[in-house]
Amino acid sequence: MIKTHSLSDLGTLVKKYSNVIVVADKNSAKYTLPLLELPKVQTLLIDGREQCKNIDTVVEIWKKFEALHLDRNSVAVNLGGGVVSDVSGFAASTYKRGIPYINVPTTLLAMVDASIGGKTAVNVDGIKNLAGLFALPAAVLIDIKFLDTLPLKEKMSGFAELIKMYAITKKTLDLTYLTYVISAFSGGDKMPLEEAILFSAKQKEKVVSKDFTEQGSRKILNFGHTVGHAIESLCLKKNIPLTHGEAVLWGMVAELYLSVKLLDFPMNEYNKFKAFAHEHYDIPQGILNKKDLPVLMSFIRNDKKNSGDKIYPVLLSHYGACRWDIPVSEEDVKDSIMQLILQEVYKRKLGCSLK
Ligand SMILES: NC(=O)c1ccc[n+]([C@@H]2O[C@H](COP(=O)([O-])OP(=O)(O)OC[C@H]3O[C@@H](n4cnc5c(N)ncnc54)[C@H](O)[C@@H]3O)[C@@H](O)[C@H]2O)c1
């Protein structure tokens, strides 16, 4: 299903549909639309910010589809990052009980993760992905030329999901290799980045193909997301700019801490991961402090990954070996978040990264 370097295939792919609409992110359309090479295609520009990943945007898309008389022989091409593929994928999959859609990811995060696997969703009252459905895209076309205009912060966001994919599927996490991959963001060789994107996209497809509706093994993709989504929701509420990937990165640090405590994940590996995280990412000031703990915990309690009153983050006994069935107490989760808060306080006081 995944095609790389094949934007030129899009023209051929959409030929079999009677009607085509490109749903693109308003903010980046000036960079991304010209690369599509779909002449005279109908386009809808939507506000692709996380705050607009909601039902109002879905209604806006449905109305446009209706105005253009789209039917089940039509296709929506989602051009943008994970917000566009989530919200427009949801709109397409529910419009007239579902029309096909094609994802053309334009962010690193969407290339390695969000555009693949058929999870579509919207946020409700600030709760991430509260409503959504599983509906596979008809195709995913990945082309790294979109990354040329992507801001560094967004590249680093996608890089976090890439780290996740290595951590959950490989027996070792080669931080030297990952540093080499990052160097593509500052003018270095692009080959390793391209390789890593392909690796991640294929791994995701493989995991999804074994458990499409997330009854079991697909849950490993949620590593870092129990705490990460809560941090992301908190920032959304406080209007603090934190990307999805940054939130997941700190979520992974917290969930590795829990893995050390509950599954004997090697402490030295945890320390190396934490040092790598602090070397390449910041927790912006004011995001996490002790008085936010109750709000964070209420987001975590609301998480779809829980069952009853138990919290089920993804834990690792070592890299590549994930467990999603270990109930974790609220106290332990709070403790893992307190560790993040303390690390940030120390880092700020010392003015250096934790090694
Ligand atoms: N469905 C899934 O499986 C899945 C997986 C992971 C994340 N997600 C979701 O994905 C969303 C995050 O997606 P994202 O990180 O791609 O962010 P995003 O869609 O918000 O895009 C990030 C920013 O990059 C800009 N942008 C996009 N492409 C660009 C380009 N080529 N050049 C310049 N600017 C560009 C956008 O305008 C936006 O400002 C979250 O809502 C998250 O919940 C979904």
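This structure is a prediction, so every number in the text was calculated from the model and none was measured. (Residues numbered from 1 in each chain as written. Predicted model: local features only at pLDDT ≥ 70, side-chain atom pairs only at ≥ 80, totals over all residues. Heavy atoms only, no water.)

1. Section: the overall build of the protein chain
Next, step 1: Of the regular secondary structure elements, the protein chain holds 13 helices and 10 strands.
Next, step 2: The principal-axis extents of the C-alpha atoms in the protein chain amount to approximately 55 × 45 × 35 Å.
Next, step 3: Across the 355 residues of the protein chain, 57% fall into the buried class.
Next, step 4: A separation threshold of at least 6 residues defines the contact pool for the protein chain, and within that pool the share at least 24 residues apart is 74%.
Next, step 5: Split by element, the accessible area of the protein chain, about 15,200 Å² in all, is 54% carbon and sulfur.
Next, step 6: Side-chain charges in the protein chain split into 45 positive and 39 negative, and the spacing between the mean points of these groups amounts to 2 Å. (Helix = DSSP H or I, 4+ residues; strand = E, 2+ residues; numbered from the N terminus. Buried < 20%, exposed > 50% of the residue type's maximum accessible area, 1.4 Å probe, protein only. Contact = heavy atoms within 4.5 Å. Areas by Shrake-Rupley, 256 points an atom, 1.4 Å probe, with all protein chains shown as cover. Lys, Arg positive; Asp, Glu negative; His and termini not counted. Charge placed at Lys NZ, Arg CZ, Asp CG, Glu CD.)

2. Observations concerning the site of the ligand
Next, step 1: Every one of the 28 residues lining the ligand counts as a neighbour, but Asp 25, Asn 27, Glu 50, Thr 107 and Lys 128 are closest to it.
Next, step 2: Between the ligand and Thr 107 there is a distance of 2.6 Å, counted from an oxygen atom to a side-chain nitrogen or oxygen.
Next, step 3: Take Thr 149: an N or O atom from its side chain is 2.7 Å from a nitrogen atom of the ligand.
Next, step 4: Its free accessible area being 880 Å², the ligand has 89% of it covered by the protein chains.
Next, step 5: Two domains each donate at least three residues to the shell around the ligand, and these are domain 1 (2-149) and domain 2 (152-350). (Near = heavy atom within 4 Å. Polar contact = N/O pair within 3.5 Å; in protein donor to acceptor, adjacent residues only side chain to side chain. Domains from an automatic or database assignment.)

3. Observations concerning the packing of helix 9 (residues 225-238) against helix 12 (residues 293-301)
Next, step 1: At a minimum axis separation of 9 Å, helix 9 and helix 12 run at an interaxial angle of 125°. The pairing of helix 9 with helix 12 is recorded here as oblique in orientation. Once helix 9 is placed against helix 12, the crossing between them reads as right-handed. Facing helix 9, whose interface residues are Thr 226, Val 227, Ala 230, Ile 231, Ser 233, Leu 234 and Lys 237, helix 12 presents Val 295, Leu 296, Phe 299 and Ile 300. (Axes fitted to C-alpha atoms, helices over the stretch in contact; angles between N-to-C directions. Parallel < 35°, antiparallel > 145°, perpendicular 65-115°, else oblique. Left-handed = near helix turned anticlockwise from the far one by under 90°.)

4. Some words on the packing of aromatic side chains
Next, step 1: Inspection of every chain in the model, using the stated rule, returns seven aromatic pairs.
Next, step 2: Three or more aromatic residues joined by ring pairs make a cluster, and in this case those are Tyr 166, Tyr 177 and Phe 199. (Phe/Tyr/Trp six-rings, centres within 6.5 Å; stacked < 30°, edge-to-face > 60°.)

5. A few points about empty space enclosed by the protein
Next, step 1: Counting across every chain of the model gives two cavities of 30 Å³ or more.
Next, step 2: Taken as a whole, the largest cavity encloses approximately 120 Å³ of empty space.
Next, step 3: Taken together, 13 residues form the lining of the largest cavity, with Ile 127, Lys 128, His 229, Phe 299 and Asp 303 sitting closest to its centre.
Next, step 4: Considered class by class, the residues forming the lining of the largest cavity number five nonpolar, five polar and three charged. (1 Å grid on protein atoms, 1.4 Å probe; cavity = no way out; pocket = protein on both sides within 12 Å on 5 of 7 lines; lining within 4 Å. Points joined across faces, edges and corners; volume = space filled by probe spheres on them. Nonpolar A, V, L, I, M, F, W, Y, C, P; charged D, E, K, R; others polar.)

6. A word on the nonpolar core
Next, step 1: Formed by 97 residues in total, the largest nonpolar core has its most connected members in Val 104, Leu 108, Phe 159, Ile 163 and Ile 231.
Next, step 2: Two domains each donate at least three residues to this core, and these are domain 1 (2-149) and domain 2 (152-350).
Next, step 3: Residue contacts for Leu 108: discarding those within four places in its chain leaves Leu 147, Leu 150, Lys 155, Gly 158, Phe 159, Leu 162, Phe 185, Leu 193 and Ile 197. (Core = buried A, V, L, I, M, F, W, Y, C linked by side-chain atoms within 4.5 Å.)

7. Some words on the domain arrangement of the protein chain
Next, step 1: One can read the domain layout of the protein chain as domain 1 (2-149) and domain 2 (152-350).
Next, step 2: For domain 1 and domain 2, the distance between their C-alpha centres works out to 26 Å.
Next, step 3: Across the contact, 26 residues belong to domain 1 and 35 residues belong to domain 2.
Next, step 4: For the pair domain 1 and domain 2, the summed buried area comes to about 2,600 Å², and 65% of that belongs to carbon and sulfur atoms.
Next, step 5: For the domain 1 face of the interface with domain 2, the top three residues by lost area are Leu 108, Val 112 and Lys 128, together amounting to 23%.
Next, step 6: Summed over the shared surface of domain 1 and domain 2, the result is five salt bridges.
Next, step 7: Of the charged contacts in the structure, one is a salt bridge between Glu 214 and Lys 119, with a shortest N-O distance of 2.5 Å.
Next, step 8: Our count for the domain 1 to domain 2 interface comes out at eight residue pairs in polar contact (both at pLDDT 80 or more).
Next, step 9: If you list the elements that add at least two residues to the side of domain 1 that touches domain 2, you get strand 1 (2-4), helix 5 (108-114), strand 6 (119-124) and strand 7 (127-134).
Next, step 10: If one sorts the elements of the side of domain 1 that touches domain 2 by residue count, helix 5 sits on top with five residues. (Buried area = accessible area lost by both parts, 1.4 Å probe. Salt bridge = Lys/Arg side-chain N within 4 Å of Asp/Glu carboxyl O.)

8. Concerning unusual backbone geometry
Next, step 1: Even without a glycine there, the phi angle at Lys 40 is positive, about 55°.
Next, step 2: Here Lys 40 shows up in the loop between helix 2 (29-36) and strand 3 (42-46).
Next, step 3: Residue classification places Lys 40 among the exposed positions, given a relative accessible area of 86%.

9. Digging into the packing of helix 6 (residues 152-169) against helix 8 (residues 191-210)
Next, step 1: As a packed pair, helix 6 and helix 8 sit with axes 10 Å apart at the nearest point and diverge in direction by 60°. It follows from the interaxial angle that helix 6 and helix 8 lie oblique. Crossing of helix 6 against helix 8: the hand is left-handed. Counting all contacts with helix 6, which are made through Leu 162, Met 165, Tyr 166 and Thr 169, the residues of helix 8 involved are Ala 196, Phe 199, Ser 200, Gln 203 and Lys 204.
Next, step 2: Tallied by class, the residues present in the contact of helix 6 with helix 8 amount to five nonpolar, three polar and one charged.

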